[in-house]
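# Summary of structural features
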Amino acid sequence: MAELLAPAGSLENVLTAIDAGADAVYFGGKGFNARKFAHNLDDAEIGQAVRTAHLFGVKVYVTVNILMADTELAELSAYLQLLDSLAVDGIIVQDLAVAALARKVAPDLPLHGSTQMTVADLDGVRFLEANGFTQAVLSRELSAQEIRSICSQSSIPIEVFMHGASCMAYSGQCLMSSFLGGRSGNRGACAQPCRQPYTLLCDGEPVMKHEAYVLSLKDLKSLDYIDDLLDAGVTSFKIEGRMKGDTYVRTVVSAYRKVIDAHYQSPQQRKAAHREAAALLEGAFNRSYQADFLGNSVSRRTLTERNPSGRQTADDVAGGLTRKLSIYGHVDTDDQGDLRLTLWDENGHTASAAADFRPEPARQRPATADYVQGQLSRLGDTPFALASVTFWDETHMIPASVLNGLRRQAVQALTDSILADYPRPAAGKVPQRQVPESQPGDGEAMQLVVRCDSVDGVAAAGHGADVIIFGGESYHHHPFGTKDWQAAVQAAHEQGAALWAGTPRIVREENRLAVQNELERAIAAGVDGIYAGAMAIFAMIADLNITVPVRADWSLNIFNSQAARAYASLGCTAITASVEATLRQLKEMVRQSGCPIEAVVQGRAEMMVTESCVISSFAGKGQKKGCPGVCNRGAYALRDRRDETFPVVTDQYCRNHILNSRDLDMAPYYKDLCRAGIAAIRIEGRGRTPQWIGQQVSRYRCLCDGTETMLLGREDQTVTRGHFFHGIL
């Protein structure tokens, strides 16, 4: 049977979720998790949560789902060992460094791939399995049909979000909070700029009468799809809400418990359960509801537009654990004549305890069965309730203190028996891989890399670039055909530059074949290598027997040296670091990883990549399906209340890419980049004119060749230095 997975931001939430019928609970500790501002559980509370949950047969998953800095890895190692010793059923992971460290210091700890890993297709799931993960959490943007396709072919359990707040951007691929205020969603500190109002512009003019919450999604409610997803083979149904209270947890868990249980009953019972669940969910906190991604019907109605704050109409309900586990007892004497208590539960667990006391015949007040049951029923805050007890002889005198001591011993022994018998899931297996140890040599020439999405851009970049990246997600809404690839390779090679194939940040199940076909076109055209932008690309490369070199792209969120080493062990010849890493972190990454490190230093950073299309919603027909391509009719942007303007472009898969309002520009700090040991610097030139690309290439080429030195003057307020000098929370 599929599991119902509940959120918890506190120990009280954990107990409430268990009480409401959750099969599993997930929460974070005081550090290393993606809800930095939730109460979260301290180490002692985690231990208590695990013990209580396991007594009720409920699994516990702990979120360790942020990007880690190198300076945190020693503390993380101790934390993972603690979680393993507490027998948690799995950790939810974003950073491959966490997975690698867990396999080293806590090899019995099961690994779950977080939705922050942006896994949206079967190949991404296969990548996780090959790297020791035992469960995959899919991106929220998938349709029910895509989920069914993945489940039917996956060898590991599939987990999907079914209720709660949703990020506008693909999880793990949002930098908006990070770049606007230094609070990173990849570090659990998102400031939610998606819940702020914006105005959509076309060619600089508003296309809306009033600003609106155009990046704020309504909450997900998947009641109408639960039966289909159960039939599809989804293993774990996840509720979002670690920042919510006990009322939300109890209400939402109770609602979905009804529907999941009714799936295995008659049609009439299903219908009644859905009706009752829907009534419950209307009262729970929500920002209005949608299930448009599951139905592949994303539109303007998917957005809150006017009310992102949410509401709760249900009365507050009690939190905590009210239900008990029924146990049974028998009192007699052992072979030595000492008083003995035997307890057992309904699952066959048995435990006994004997007192250092031999009952003697009573002279006045013998212990009756009612008296014994009354003493043994005092189970206090234990999770047990004594259903009945039998008593071998009512003619003996037994002091209450003896019975109380026996009760405590026997309850502890029964608790230990249940926990010892708990079937903790097995960890995944991963083959040993060699990590290249070669350190980039001092004095090697800095490599200049340029990314383009037009053949004219490639030609312009060829006047100075060492490597040109072409393909992947375009900013002009058009795919890359065979002739484009052939022309791009020719243009680069004629000028002595290498042409590498870029790949998408998002590989969605419905686009998987298209991405594979593009890889094949690129290889046939003679590209010199591949930049892997998503985990799925590694599985595709293996399937297609591609032998050209592979580099890891920045969208893989490589934030520390151990993540770099993990990708190097997969065969990557170089690593493009996360754009959230500071210069100091990059220097440490170079020193510890033994990998050539590339950094993006020029161009507009991508703030978000979204499946919901703000252009079709507010400048088109209001829905994505059947859109007449309104994105091709002008230059679109979002304007915030500070009058900052963020360009919005659409790729060939009809996804929006929201770009930073200012260009990243690290040219004045070129010498600092060299001192950090960075092997390659990149200009992001997609969506830019050949003239702009040519100017930037010329500028950085002179710096790389040492024919020009930039003197720092007054700081340029029209550009940004990104996170090179300012870290993230």
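Preceding this paragraph is the structure being described.
We now turn to the structure provided with this report. Treat the numbers as computed from the prediction; the structure is a model and nothing was measured.

## Observations regarding the overall build of the chain
Tallying secondary structure elements over the chain gives 21 helices and 34 strands in all. In summary, the chain has a C-alpha radius of gyration of 30 Å against a globular reference of 27 Å for 729 residues, a match within 12%. Seen along its three principal axes, the alpha-carbon backbone of the chain occupies a region of about 110 × 55 × 50 Å. The buried share of the chain, reckoned over its 729 residues, is 60%. Restricting the contact set of the chain to residue pairs at least 6 apart, pairs at least 24 apart contribute 71%. A total of about 28,600 Å² of accessible surface is found on the chain, and carbon and sulfur atoms cover 47% of it. Charge separation in the chain, taken as the distance between the mean sites of 72 positive and 84 negative side-chain charges, equals 4 Å.

## Some thoughts on the side chain of Gln-94
Note that Gln-94 resides in the loop between strand E4 (90-93) and helix H4 (96-105). At a separation of 3.0 Å, a polar atom in the side chain of Gln-94 contacts the side chain of Asn-186. Contacts of Gln-94, omitting those with residues within four sequence positions, involve Val-64, Asn-65, Ile-66, Leu-67, Ser-114, Gln-116, Met-117, Gly-172, Asn-186 and Asn-557.

## As for unusual backbone geometry
In the Ramachandran plot, Asn-557 falls in the positive-phi region, its phi being about 60° despite a non-glycine side chain. Mapped onto the elements, Asn-557 comes out in the loop between strand E25 (550-552) and helix H17 (561-569). With phi around 70°, Asp-643 is a residue other than glycine that occupies positive phi space. Using a relative accessible area of 56% as the deciding quantity, one classes Asp-643 as exposed.

## Here's the deal with the sheet that holds strand E17 (residues 350-354)
Here we have four strands laid out as an open sheet, ordered E17-E16-E15-E19, and mixed in their pairing. With partners counted over all chains shown, the strands left at the sheet margins are E17 and strand E19 (384-391), one partner each. Here the average twist between neighbouring strands, direction ignored, is 25°. The pairing of strand E15 (residues 325-333) with strand E16 (residues 339-345) spans seven bridges and is classified as antiparallel. Looking across to E16, one finds that Tyr-328 is bridged to Trp-344. Against the sheet, helix H11 (residues 369-376) makes contact with E15, E16 and E19, and its axis sits at roughly 155° relative to E19, the strand it touches most.

## Overview of the pattern of salt bridges
Using the criterion set out here, one finds 41 salt bridges in the structure. Linked through salt bridges whose partners overlap, the residues forming this network are Asp-121, Asp-123, Arg-126, Glu-509, Arg-512 and Asp-543.

## Quick word on the layout of surface pockets
As a volume, the largest pocket reaches approximately 790 Å³. Split into classes, the residues belonging to the lining of the largest pocket amount to 17 nonpolar, 14 polar and 10 charged. Of the pockets and cavities examined, the second largest pocket occupies roughly 680 Å³. Lining the second largest pocket are 26 residues, and of these Ala-100, Leu-101, Arg-103, Lys-104 and Gln-432 lie nearest its centre. Considering each element in turn, the lining of the second largest pocket owes the most residues, seven residues, to H4.

## Let's talk about the environment of Phe-237
For Phe-237, the location among the structural elements is in strand E12 (residues 236-239). Here Phe-237 falls in the buried class, since its relative accessible area comes to 0%. C-alpha separation for the pair Phe-237 and Ala-24, spaced 213 residues apart in sequence, amounts to 9.6 Å.

Procedures and definitions
- Residues numbered from 1 in each chain as written.
- Predicted model: local features only at pLDDT ≥ 70, side-chain atom pairs only at ≥ 80, totals over all residues.
- Heavy atoms only, no water.
- Helix = DSSP H or I, 4+ residues; strand = E, 2+ residues; numbered from the N terminus.
- Rg over C-alpha atoms; globule rule 2.2 N^0.38 Å.
- Buried < 20%, exposed > 50% of the residue type's maximum accessible area, 1.4 Å probe, protein only.
- Contact = heavy atoms within 4.5 Å.
- Areas by Shrake-Rupley, 256 points an atom, 1.4 Å probe, with all protein chains shown as cover.
- Lys, Arg positive; Asp, Glu negative; His and termini not counted.
- Charge placed at Lys NZ, Arg CZ, Asp CG, Glu CD.
- Polar contact = N/O pair within 3.5 Å; in protein donor to acceptor, adjacent residues only side chain to side chain.
- Pairing = 2+ DSSP bridges.
- Axes fitted to C-alpha atoms, helices over the stretch in contact; angles between N-to-C directions.
- Salt bridge = Lys/Arg side-chain N within 4 Å of Asp/Glu carboxyl O.
- 1 Å grid on protein atoms, 1.4 Å probe; cavity = no way out; pocket = protein on both sides within 12 Å on 5 of 7 lines; lining within 4 Å.
- Points joined across faces, edges and corners; volume = space filled by probe spheres on them.
- Nonpolar A, V, L, I, M, F, W, Y, C, P; charged D, E, K, R; others polar.

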